[in-house]
Amino acid sequence: MKALRLTSFGGPEAFELCDLPRPVPQAGQVLVRVHATSINPLDYQVRRGDYPDLVPLPAITGHDVSGVVEEVGPGVTAFSPGDEVWYTPQIFDGPGSYAEYHVAAQGIVGKKPSSLSHLEAASLTLVGGTAWEALVVRAALRVGESILVHGGAGGVGHVAIQLARAIGARVFTTVRQANFEFARSLGADVLIDYEKEDYVDAVLRETGGRGVDVVFDTIGGDTLSRSPDALAQLGRVVSIVDIARPQNLVQAWGKNASYHFVFTRQNRGKLDELSALIERGQLRPHVGAVYSLADIPLAHARLESPNNGVRGKIAITVGPSAS
């Protein structure tokens with residue numbers, strides 16, 4: 001099988017396209033012919049060496065799969081050859097999705113929503129599961145509450161806006177002005193141009209000084225450290241970004257705020273919940289660019305670059321019928 005293998009930590013040139021033996025499913029596993037995958041910030045963080053102790057080299061990386069079951073191992077009852085499936089491979093536990101075939105435990109695999117193409121499905125597994133874990137499991141966002149989604153035009157952000165809207169929350173988001181219409185089409189109520197206006201000032205103005213119930217941070221740095229300033233009393237901050245430096249939580253303490261840091265867990269349940277939203281027309285991933293397996297280094301370079309012009313996700317065609 002063709003696979004893109006990471007041979008050293010560094011820039012996009014650290015990948016090599018090679019031929020490797022096709023994996024064999026063991027008990028409780030399915031072998032999937034990968035039709036599409038996608039690119040996430042986690043992918044280039046792994047590539048550049050942010051987690052060297054967790055990624056033995058050489059390694060096949062990648063964290064999204066949409067494809068078709070090719071073969072099942074002993075004891076598999078939930079799937080049969082020919083089933084269209086989607087999932088996120090176990091993070092830091094075995095080969096990833098930058099290959100024509102992938103083996104996964106049946107417990108993390110879901111039936112792909114029929115209304116999504118493989119490119120769309122592959123662009124949603126990791127970011128969708130992350131947004132669900134952050135907003136539903138951790139923040140426990142409720143109908144009638146308000147939420148600020150930092151980076152609403154990005155991969156996780158554009159899903160979080162739709163999920164928050166489906167829950168029945170009032171959605172604030174920070175995006176560049178060029179992405180206002182895109183964010184509005186997703187269901188955002190209040191659009192804040194972070195290049196021209198301080199988001200804390202904007203939130204307090206729009207809420208009459210109260211603040212929002214939840215801040216969802218996809219950016220980190222100063223965005224995370226200043227999030228308590230935009231919170232209401234008993235508010236919650238949920239972040240999916242590593243803490244780069246110590247945080248001053250005095251403002252959070254004064255508001256009885258709670259903090260949640262999310263490293264998403266893989267399971268079929270979240271995929272089934274996302275599928276239900278898709279079927280009801282409340283969630284749709286946006287594919288902003290498409291590359292081939294061999295061009296993943298170019299996709300990495302684009303996602304890493306500031307103001308890359310990508311709305312939603314960069315998807316990757318792997319198999320014969322990704323669309």
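Note that the structure is predicted; figures quoted are calculated from it, not measured.

1. With respect to the packing of aromatic side chains
Both the distance between ring centres and the angle between the ring planes are used here to describe each pair of aromatic rings.
So, point 1. Applying the stated rule across the entire model yields four aromatic pairs.
So, point 2. Ring geometry for F15 versus Y98: centroids 6.0 Å apart, planes at 65°, classification edge-to-face. With F15 in strand β2 (residues 15-19) and Y98 in the loop between β5 (84-87) and β6 (101-105), the pair connects residues that are 83 residues apart, well separated along the chain. Pair check on accessibility: F15 and Y98 agree, each one buried.
So, point 3. With a centroid separation of 6.2 Å and an interplanar angle of 35°, the aromatic rings of Y259 and F261 are classed as tilted.
So, point 4. Of the residues examined, F261 reaches a relative accessible area of 36% and is grouped as partly exposed.
So, point 5. Linked through ring pairs, Y51, F92 and F263 together constitute an aromatic cluster.
So, point 6. We note R33 situated over the ring of Y101; from NZ or CZ to the ring centre the distance is 5.3 Å.
So, point 7. We note R226 situated over the ring of Y199; from NZ or CZ to the ring centre the distance is 5.6 Å.

2. Let's talk about the nonpolar core
A general trend in soluble globular proteins is that nonpolar side chains are found buried together.
So, point 1. One finds Y87, L135, I147, F216 and I314 to be the most contacted residues of the largest nonpolar core, which totals 76 residues.
So, point 2. With residues up to four places along the chain from it excluded, the contact list for I314 reads S38, I39, A289, Y291, A299, R302 and L303.
So, point 3. Formed by 14 residues, the second largest nonpolar core is a distinct cluster that contains F172, V212, V215 and A230.

3. What to know about the pairing of strand β3 (residues 29-39)
So, point 1. Burial within β3 is extensive, with 10 of its 11 residues counted as buried.
So, point 2. In the sheet, β3 pairs with β6 via five bridges, with the strands oriented antiparallel. Bridged to V30 within β6 is A104.
So, point 3. Pairing between β3 and strand β4 (residues 65-72): six bridges, direction antiparallel. Bridged to A36 within β4 is S66.
So, point 4. Strand direction decides the pairing type here: β3 and strand β15 (residues 313-317), joined by four bridges, are antiparallel. Looking across to β15, one finds that T37 is bridged to I316.

4. Here's the deal with the sheet that holds strand β13 (residues 258-261)
So, point 1. On the basis of which strands lie adjacent, the open sheet formed by six strands has the order β10-β9-β8-β11-β12-β13 and parallel pairing. At either margin of the open sheet sits one strand with a lone partner, and together these are β10 (190-193) and β13. Each adjacent strand pair in this sheet contributes to an overall mean axis angle of 15°, direction not counted.
So, point 2. Relative to strand β9 (residues 170-175), strand β8 (residues 146-150) runs parallel, the two sharing five bridges.

5. Points about empty space enclosed by the protein
So, point 1. Throughout the structure, instances matching the rule amount to one cavity of 30 Å³ or more.
So, point 2. For the largest cavity, the full set of lining residues is Y87, T88, I108, T125, L126, G129, T264, R265, Q266, N267, K270 and L271.
So, point 3. Going through the elements one at a time, α3 (125-138) and α9 (268-279) are the ones with two or more residues in the lining of the largest cavity.
So, point 4. Among the elements that line the lining of the largest cavity, the one with the most residues is α3, at three residues.

6. Quick look at the layout of surface pockets
So, point 1. For the second largest pocket, the calculated volume is near 260 Å³.
So, point 2. Contributing to the lining of the second largest pocket are 19 residues, with G94, P95, H102, V103 and A104 lying nearest its centre.
So, point 3. When grouped by side-chain class, the residues that make up the lining of the second largest pocket number 13 nonpolar, five polar and one charged.

7. Things to note about the packing of α3 against helix α4 (residues 155-167)
So, point 1. Put simply, α3 and α4 touch, their axes get as near as 9 Å, and they point 50° apart. For the element pair α3 / α4, the angle class is oblique. The element α3 and its partner α4 pack so that their crossing is right-handed. Where α3 abuts α4, its residues V127, G128, T130, A131, W132, L135 and V136 lie against G155, V156, V159, A160, L163, A164 and I167.
So, point 2. Grouping the amino acids of the contact of α3 with α4 by side-chain chemistry returns 11 nonpolar, three polar and no charged.

8. Topic: the pattern of salt bridges
So, point 1. Throughout the structure, instances matching the rule amount to 21 salt bridges.
So, point 2. Here E120 ties to R284 by a salt bridge, and the two come within 2.9 Å at their closest N and O atoms. Highlighted residues: E120 in helix α2 (residues 118-122) and R284 in the loop between α9 and β14 (287-292), separated in sequence by 164 residues.
So, point 3. Among the ionic pairs, E133 bridges to K270, the shortest N-O distance being 3.0 Å. Taken as a pair, E133 in helix α3 and K270 in helix α9 lie far apart in primary sequence, 137 residues in all.
So, point 4. On the basis of relative accessibility, which here comes to 2%, the residue E133 falls in the buried class.
So, point 5. Salt bridges sharing partners connect three or more residues here, namely E133, R138, R265 and K270.

Cut-offs and rules
- Residues numbered from 1 in each chain as written.
- Predicted model: local features only at pLDDT ≥ 70, side-chain atom pairs only at ≥ 80, totals over all residues.
- Heavy atoms only, no water.
- Phe/Tyr/Trp six-rings, centres within 6.5 Å; stacked < 30°, edge-to-face > 60°.
- Helix = DSSP H or I, 4+ residues; strand = E, 2+ residues; numbered from the N terminus.
- Buried < 20%, exposed > 50% of the residue type's maximum accessible area, 1.4 Å probe, protein only.
- Lys NZ or Arg CZ within 6 Å of the ring centre and 35° of its normal.
- Core = buried A, V, L, I, M, F, W, Y, C linked by side-chain atoms within 4.5 Å.
- Contact = heavy atoms within 4.5 Å.
- Pairing = 2+ DSSP bridges.
- Axes fitted to C-alpha atoms, helices over the stretch in contact; angles between N-to-C directions.
- 1 Å grid on protein atoms, 1.4 Å probe; cavity = no way out; pocket = protein on both sides within 12 Å on 5 of 7 lines; lining within 4 Å.
- Points joined across faces, edges and corners; volume = space filled by probe spheres on them.
- Nonpolar A, V, L, I, M, F, W, Y, C, P; charged D, E, K, R; others polar.
- Parallel < 35°, antiparallel > 145°, perpendicular 65-115°, else oblique.
- Left-handed = near helix turned anticlockwise from the far one by under 90°.
- Salt bridge = Lys/Arg side-chain N within 4 Å of Asp/Glu carboxyl O.

Without other data, these values stay purely geometric and don't point to any function.
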